[in-house]
Amino acid sequence: MASQQINQVEEMVKELKKNRGFKAYLILNNDGIVIKWEQIGTAMSYQEAVQHSHLILDLCAKSKAHIKNLFDPPDNNVENIRLRTDQYETIVAQEGNFTLVVIQEDERKAGLNNSSEDSSGETAEA
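Residues numbered from 1 in each chain as written. Predicted model: local features only at pLDDT ≥ 70, side-chain atom pairs only at ≥ 80, totals over all residues. Heavy atoms only, no water.

Peer 1: Before we go on, may I ask you to explain the sheet that holds strand β4 (residues 88-95) in this structure?
Peer 2: Backbone hydrogen bonds hold the strands of a sheet together, and the pairing may be parallel or antiparallel. Judged by pairing direction, the sheet is antiparallel, and its five strands sit side by side in the order β2-β1-β5-β4-β3 without closing on themselves. Pairing within the sheet leaves two strands with one partner each, and these edge strands are β2 (34-39) and β3 (80-84). Each strand of the sheet is rotated relative to its neighbour by a mean of 10 degrees, with strand direction disregarded. Here eight bridges tie β4 to strand β5 (residues 98-105), and the two strands are oriented antiparallel to one another. Residue pairing for β5: A93 is matched across the bridge by L100. (Pairing = 2+ DSSP bridges. Helix = DSSP H or I, 4+ residues; strand = E, 2+ residues; numbered from the N terminus. Axes fitted to C-alpha atoms, helices over the stretch in contact; angles between N-to-C directions.)

So, in C-alpha cells, the structure goes:
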C-alpha cells in the first residue's frame, strides 16, 4: 500500500510540473521535516527548503488560529492558502500530517493567463 501512495505522489508531482509558471515544490511533514523538494532552474538547497518549510508551517498555524477566532464552525476550517507576491504565488495545502507547497510565477506578472478577463474576474466568452 505504501508503494501505491508513493506512485500517487509521483504522478501528482509530474502533473504539477506540466503547469506553466511552475517553479518549485516542497513536501513536508507537519514537524517541519522536508521529505521531498525540487526547484526548476536554480537548485534549492536543503537549508533553503527547511527555511521555507518552517516559515510556511508558521503561516499555516497562525492562519488557522485567526480563522478559528473569526468564524464559527463549519466555516472556520482552513484547507489551503494561496499567497501572492509581486513575483511569485505560493499555494499551500495540508492533509493529515503532510503539507504540499507549490511555488509558481505569478500569472499576472508573467502573462501566463491567456483568457480575457473583465474587471470582475469573470472570463469573457467569445
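Peer 1: It is not clear to me how the pattern of salt bridges should be interpreted in this structure. Could you clarify?
Peer 2: A side chain of one charge can pair with a side chain of the opposite charge if their charged atoms are brought near each other. Under the counting rule described, the total for this entry stands at eight salt bridges. Put simply, K18 and E15 hold a salt bridge, and the shortest N to O gap is 3.2 Å. Remark: E15 and K18 occur in helix α1 (residues 2-18); sequence separation between them is three residues, near one turn of the helix. The class for K18 is exposed, based on a relative accessible area of 60%. Residue classification places E15 among the partly exposed residues on the basis of a relative accessible area of 45%. Several salt bridges converge on common partners, so that one network encompasses R82, R84 and E89. (Salt bridge = Lys/Arg side-chain N within 4 Å of Asp/Glu carboxyl O. Buried < 20%, exposed > 50% of the residue type's maximum accessible area, 1.4 Å probe, protein only.)

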